[in-house]
Each structure stands twice: as structure tokens, then as C-alpha cells.
2 protein chains.
Amino acid sequence: MCELLGMSANVPTDICFSFSGLVQRGGKTGPHSDGWGLCFYEGKGCSVFRDPQPSYQSQIAQLLRSYPIKSEVVIGHIRQANCGEPSLANTHPFVRELWGESWSYAHNGQLKGHLELPYCVDQPVGDTDSEHAFCYLLGRLREHYPQKPQDMRELFSYVATLADELRSLGVFNMLLSNGEYLMVYCSNNLHWLTRRAPFSVARLIDEDLSIDFAKETTPDDVVTIIATQPLTHDEAWHKMEPGQWHLFHKGELVV
Amino acid sequence: MCELLGMSANVPTDICFSFSGLVQRGGKTGPHSDGWGLCFYEGKGCSVFRDPQPSYQSQIAQLLRSYPIKSEVVIGHIRQANCGEPSLANTHPFVRELWGESWSYAHNGQLKGHLELPYCVDQPVGDTDSEHAFCYLLGRLREHYPQKPQDMRELFSYVATLADELRSLGVFNMLLSNGEYLMVYCSNNLHWLTRRAPFSVARLIDEDLSIDFAKETTPDDVVTIIATQPLTHDEAWHKMEPGQWHLFHKGELVV
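Counting of residues starts from 1 at the beginning of each chain's written sequence and follows it residue by residue. Chain letters start at A and ligand numbers start at 1, both assigned in the order the entries are written. Totals for whole chains, interfaces and linings use all residues, but because this is a predicted model, local features are given only for residues with pLDDT of at least 70 and pairs of side-chain atoms are given and counted only at 80 or more. Computation of side-chain values covers all heavy atoms of the structure but excludes hydrogens and water.

J.: Which residues make up the pattern of salt bridges, and what are the values?
T.: Salt bridge criterion: a side-chain nitrogen from Lys or Arg within 4 Å of a carboxyl oxygen from Asp or Glu. With the rule as written, the count across this model stands at 27 salt bridges over all chains. Where Glu 97 of chain A meets Arg 96 of chain B, a salt bridge forms, and the shortest distance between an N and an O atom there is 3.0 Å. In this pair, Glu 97 of chain A sits in strand β5 (residues 94–98) while Arg 96 of chain B sits in strand β5 (residues 94–98), so the two residues belong to two different chains. Relative accessibility under 20% of the residue-type maximum defines a buried residue, over 50% an exposed one, and the middle range a partly exposed one, all with a 1.4 Å probe and only protein chains included. A residue is classified by how much of its surface remains accessible, and Glu 97 of chain A, at 8% relative accessible area, is buried. Put simply, Asp 14 of chain B and Lys 70 of chain B hold a salt bridge, and the shortest N to O gap is 4.0 Å. With Asp 14 of chain B in the loop between β1 (3–13) and α1 (16–25) and Lys 70 of chain B in the loop between α2 (59–66) and β4 (71–78), the pair connects residues that are 56 residues apart, well separated along the chain. Using a relative accessible area of 27% as the deciding quantity, one classes Asp 14 of chain B as partly exposed. Three or more residues are tied together by salt bridges with common partners; here these are Glu 3, Arg 25 and Asp 206 of chain A. Counting from the N terminus, the helices are DSSP H or I runs at least four residues long and the strands are E runs at least two residues long.

Take a look at the structure:
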């Protein structure tokens, strides 16, 4: 299996602290040593850092732990390969353009019979069940909405029905974003929390590292973190239920 | 204007030396301070590093100057904005999936009337003439070849006819790759050279840095470098003619 990391914030925020915890699980405190990736949005553009090396040994991951790229939406993933060998083409997050926007996606879980899922315009580059399912989702979205719909809640509700379908093929925990909204779909393991004033101190579970968010934030900051398993002690993480999904916008829970 | 950098090699090769020369032109020895990007292929996968900051000040560029990512194909670009503000969405190279492959593209020059170029499936995310032209190219390719053609020379010959069209709108120097082939189209400024045994010492023009390729390579290595302007003293760069194009495969000139 793999682990997911997501962030939605109302001001550009760095993910260094949470990512520091996650990278330890990439071959050190966890078995997810088959690659890692992080996608950061800046406006409509996105930067994707991906490496098929274990995150706790990766020089690029080392840079990102200390280099504060500030973003309103981040999607991250560390991989323990089960379908598709460790390679760059099989490393999440996957990003594709849809309706003139960069859509990013990461998946945790395993799907059976994914090769039978039809796709149209968007074709897989690698050979993971995850990317295949993403191409299927994009195909269904292009078919259902030739143009981007006005009502984003309706759009993501439709994605949730497709995610229900995919969950019936196995395990489908998913993060999906267009850089503005972040959708989270739970099949079995996903947790989230929203940090807002009054901020306090948090301690990572996977590394001896604490942060006093009161010193790093302004009173108006709202930052939601999503992770497969809680990343910190001392904070109240919400555990999601199978089949449950949420939509976050600028750090706030919308659905 | 901008500067382009490309590499095609028969063994995974790092671009650190050439990139060290190019980054100096990103705000120090050259005026191209509106962002930079590098795309590296590993098999079918590609990693794209892009930053709207000047390359000579960029921490990510600093990492890539010293971190030897080895690749058979690299496309790079440093930007001096003329169409589209400096932003991540407007930073080259642009990458899109076509026929299950990651196609990367970078453009130097300026096009008039680019907004009238039609596109279909692939839509621009940013607002540069360059990305708009890339979407136009992809649309024409999807229309002409619903599936990837067998004959890659024929495919790139067709791209050259489209590039001729685009050149009639202004200046269109282009690098295009699917990770296996690297196509180079010249509108006014492009140079290339192929390094092979016996290797010798090269000195960068933009920085006091030399490299003895005999110590860095094996006798079978073949590495072609493409750049807007020559990057080194002491080497015989080929200057391309307006309207000329080349295709490289594993370091060798194919067309």
C-alpha cells in the first residue's frame, strides 16, 4: 500500500513539517520505499517533484523538507509498489490537463480488473492500476462535461459516484485537485484535521520534530492537512469512513 | 526572447555542465530572468523542474547543477517573458500526454495572431503564445494520427510542416520530444554539437568552469547538445539555418 498527503490552505503555506513526517515512512519508519511525489500549485500552474527512490534517502526530498515552497494546494504520495514496477512513469501524483486546468491525482490502494476500465483521450503512460483509473475518471468527466461545469460541488459529487465504482474493484483512497479545490475520497484509511487560531504546538509521530504553529502563522490562516495515518501527536485527527468523501476549498471543509 | 537547451544521448547522461552555463544567462550573464525549466526522461516517465524565479538565484536550479540526474533526453528553457507574465503556468517546458507518451516542448521566439490558432482536446493552462502553439500542434497531430504512427521520421516531417506554418507567424525555435526522439526546429537561433570519442576538454563561455569529458565518459558514449547560442569555447558548434530541422535519437543525427 501507499500513503497519501494533502493540503488545502487559504494562504500560500509550506508543507515542510508534514512532509518531514511522511518521508520517514518512505523506507525508514514505514515500508513505502518505491518512490514518492509532491505536487504544488502556484496559481494555475503546478510543480511536480517525483522520484522513484525511497523518500528518506532522496536528495530532492531532502531539498523539499527544508525549502519552503508555499502553495494553497499540495498533493503528495509515497509508494509501496503492488501494481507496476518502481519507475518514474509509475510514480504519483499524476497530472493531466482538463478544461485548461492542471488536474493532479494520487491513489492509495489496489484495484482488480482495472485493465477493463475503458479510457478515451487520456491514456496511461505507466502501467499502474492507479494511473489507469485516473485516465478512466478523466474520460468519464470529459464525456459528462464537455466544458467545465459552473457548479463545482456537482462536479465533485459526480466524481464521487465514479470513485464509488472504483472502490467496488478494491481499495480506492484518492486525492484529486485542480489547484483550487481538493477532493478526498476514502476507501479505508484517511484522516484529516484543520488548523486555525488559536494555533498550538504539534509533534511529529515519525520524527523527533515539533513546530509551534503560533509562530509560523497569522491569526487568519486556515490550513487543512489530509493523511493516510495521523502525522502528529497532540492533535485531533478526524478519521474518515469507507465511501465518505470531502471537498476542501481554501482550507475550509465545503462538503 | 528565451534560450533553449536540449540533450540526446545513447546512455543516461547528466546535463549538469551545460545547465551550469545556461543558468548564468538566467539573470546574470543574460537577461532571461523570468523563469527556467528542465525536463528529464527516465524510460517513459519524465520529471519536470520549473521555477518562475531567475535561474541563477533559484535553489532548485542550484540543486540540479550539482545533482546528476542521468537521462537520455533533456529539454530545458530559460525565459525572458514577452507574452504572458512570469508565472509557473507560463514556464516552459510544457508536457502533455499523447498516445500514452509524455511529450515535452519548449519554444523560443514570439508569434503574432497565435490566439487564432485552433485547438481541440489540449487546452492552454497559461497564457503564452508558446503553450497555445503547443496545443495547436497536439491537436493537429491527434487529428492526423489518431494512433501513434509506426514511422517516426514521417511523424516528425509532419511536425516540421506545422512548424513552418508557425514560423510564418513570427519566430519559432522549438524543441520537442517523446523521451526517445528529440526534434529541433530552427527559426533563427539554434546551435548543436555531438560529443563522441576521442573526448576532450570543454570550457563554458558563461562561467569559469571546464570539464574533461574523457574522464566522465566511456568510449562508446554519444551525446548531442542543442542550445540557442554555443555554451562552450573550444568546440565546433553547428549553426542551424532558418527553417531547418533535425531529429536526434540516442545522440545520433537521424534527419
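J.: Summarise the packing of aromatic side chains; cite the residues concerned and give the values.
T.: For any pair of aromatic rings, the description rests on two quantities: the centre-to-centre distance and the angle between the ring planes. Each pair of aromatic rings taken from Phe, Tyr and Trp, with Trp reduced to its six-membered ring, is defined by centres within 6.5 Å and is described as stacked if the planes are under 30 degrees apart, edge-to-face if over 60, and tilted in the remaining cases. The full count for this structure, using the stated rule, is 25 aromatic pairs over all chains. Measuring from ring centre to ring centre gives 6.3 Å for Trp 99 of chain A and Tyr 145 of chain A, while their planes differ by 80 degrees; the resulting arrangement is edge-to-face. One end of the pair, Trp 99 of chain A, is in the loop between β5 and β6 (101–108); the other, Tyr 145 of chain A, is in the loop between α3 (129–144) and α4 (152–167), and 46 residues separate them in sequence. Using a relative accessible area of 7% as the deciding quantity, one classes Tyr 145 of chain A as buried. Plain terms: the ring middles of Phe 17 of chain B and Phe 213 of chain B are 5.6 Å apart, the flat faces sit at 90 degrees to each other, and that makes the pair edge-to-face.

J.: Tell me about the pairing of strand β9 (residues 191–195) of chain B, residues and numbers included.
T.: All names here are of chain B. Counting buried residues in β9 gives four out of five residues, a clear majority hidden from the surface. The sheet contact formed by β9 and strand β12 (residues 223–227) spans five bridges and is antiparallel. Bridge pairing in β12 places Arg 195 opposite Val 223. The sheet contact formed by β9 and strand β14 (residues 238–239) spans two bridges and is antiparallel. Along β14, the bridge assignment pairs Trp 192 with His 238. By this definition, two strands are paired if DSSP reports at least two bridges between them.

J.: Just give me the short version of the sheet that holds strand β11 (residues 210–212) of chain B, but keep the residues and values in it.
T.: All names here are of chain B. Spatial ordering of the open sheet is given by β11-β10-β13, a layout of three strands whose pairing is antiparallel. Looking at the sheet topology across the chains shown, the edges are occupied by β11 and β13 (232–233). One ladder, built from three bridges, connects strand β10 (residues 201–204) with β11; its direction is antiparallel. Within β11, the position partnered with Ala 202 by the bridge is Ile 211. Every residue pair with non-hydrogen atoms within 4.5 Å of one another is taken to be in contact. Note on definitions: angles span 0 to 180 degrees between N-to-C directions of axes, and those axes are lines fitted to C-alpha atoms, for helices only across the stretch in contact. In the packing of α1 onto the sheet, contacts are made with β10, β11 and β13, and the angle to β10 comes to roughly 20 degrees.

J.: Provide a residue-level description of the sheet that holds strand β7 (residues 173–177) of chain A, including the pertinent values.
T.: Residues and elements named next belong to chain A. The strand order β5-β6-β7-β8-β15-β16 describes an open sheet built from six strands, whose pairing is antiparallel. Two strands bound the open sheet, and with one partner strand each, they are β5 and β16 (252–253). Pairing of β6 with β7, which is carried by five bridges, proceeds in the antiparallel orientation. Within the sheet, the bridge partner assigned to Asn 108 lies in β7 and is Asn 173. Sheet contacts for α4: β6, β7, β8 (181–185) and β15 (245–249); angle to β8, the most-contacted strand, approximately 25 degrees.

J.: Explain α3 of chain A to me, using residue names and the numbers behind them.
T.: Helices are assigned an expected span. That span is 1.5 Å times one less than the residue count. In this model, α3 of chain A (16 residues) spans 22 Å end to end at C-alpha, consistent with the 22 Å of a helix rising 1.5 Å per residue. Most of α3 of chain A sits out of view: 13 of its 16 residues are buried.

J.: Quick one: what's the story with the packing of α1 of chain B against α2 of chain B, residue by residue and with numbers?
T.: For any two helices packed against each other, one specifies the crossing angle of their axes together with the interaxial distance. Residue and element names in this part refer to chain B. Viewed as axis vectors pointing N to C, α1 and α2 meet at an angle of 150 degrees, and their least axial separation amounts to 8 Å. Here α1 lies roughly antiparallel to α2, going by the angle between them. Only Ala 61, Leu 64, Arg 65 and Ser 66 of α2 make contact with α1, whose side of the interface consists of Cys 16, Phe 19, Ser 20, Val 23 and Gln 24. Three classes are used, and their members are as follows: Ala, Val, Leu, Ile, Met, Phe, Trp, Tyr, Cys and Pro are nonpolar, Asp, Glu, Lys and Arg are charged, and the others, Gly among them, are polar. Within the contact of α1 with α2, the residues separate by chemical class into five nonpolar, three polar and one charged. Comment on the angle field: the value is read as roughly parallel under 35 degrees, roughly antiparallel over 145, roughly perpendicular from 65 to 115, and oblique elsewhere.

J.: Describe the side chain of His 32 of chain A, and please don't skip the residues or the numbers.
T.: Mapping His 32 of chain A onto the fold places it in the loop between α1 (16–25) and β2 (36–42). Side-chain atoms alone can form a polar contact between residues adjacent in sequence; in general such a contact is a pair of N or O atoms within 3.5 Å, and within protein one must be able to donate a hydrogen while the other accepts it. Within the structure, the side chain of His 32 of chain A is placed 3.1 Å from the backbone oxygen of Arg 25 of chain A, a separation counted as a polar contact.

J.: Residue-level account of the interface of chain A and chain B, with values.
T.: With 29 residues of chain A in contact, the opposing surface of chain B contributes 29 residues. Values labelled buried area give the accessible surface lost by two parts on being combined, using a 1.4 Å probe and summing over both. Where chain A abuts chain B, roughly 2,400 Å² becomes buried across the two surfaces, and 58% of that area is made up of carbon and sulfur atoms. For the chain A face of the interface with chain B, the top three residues by lost area are Leu 88, Glu 97 and Val 125 of chain A, together amounting to 23%. Where chain A meets chain B, there are two salt bridges. For the pair chain A and chain B, the interface holds nine residue pairs in polar contact (both at pLDDT 80 or more). Among the elements of the structure, β2, β3 (45–51), α2 (59–66), β5 and β6 of chain A are those that each provide at least two residues to the side of chain A that touches chain B. Of all the elements, β3 of chain A adds the most residues to the side of chain A that touches chain B, at seven residues. Class assignment for the residues of the side of chain A that touches chain B results in 14 nonpolar, six polar and nine charged.

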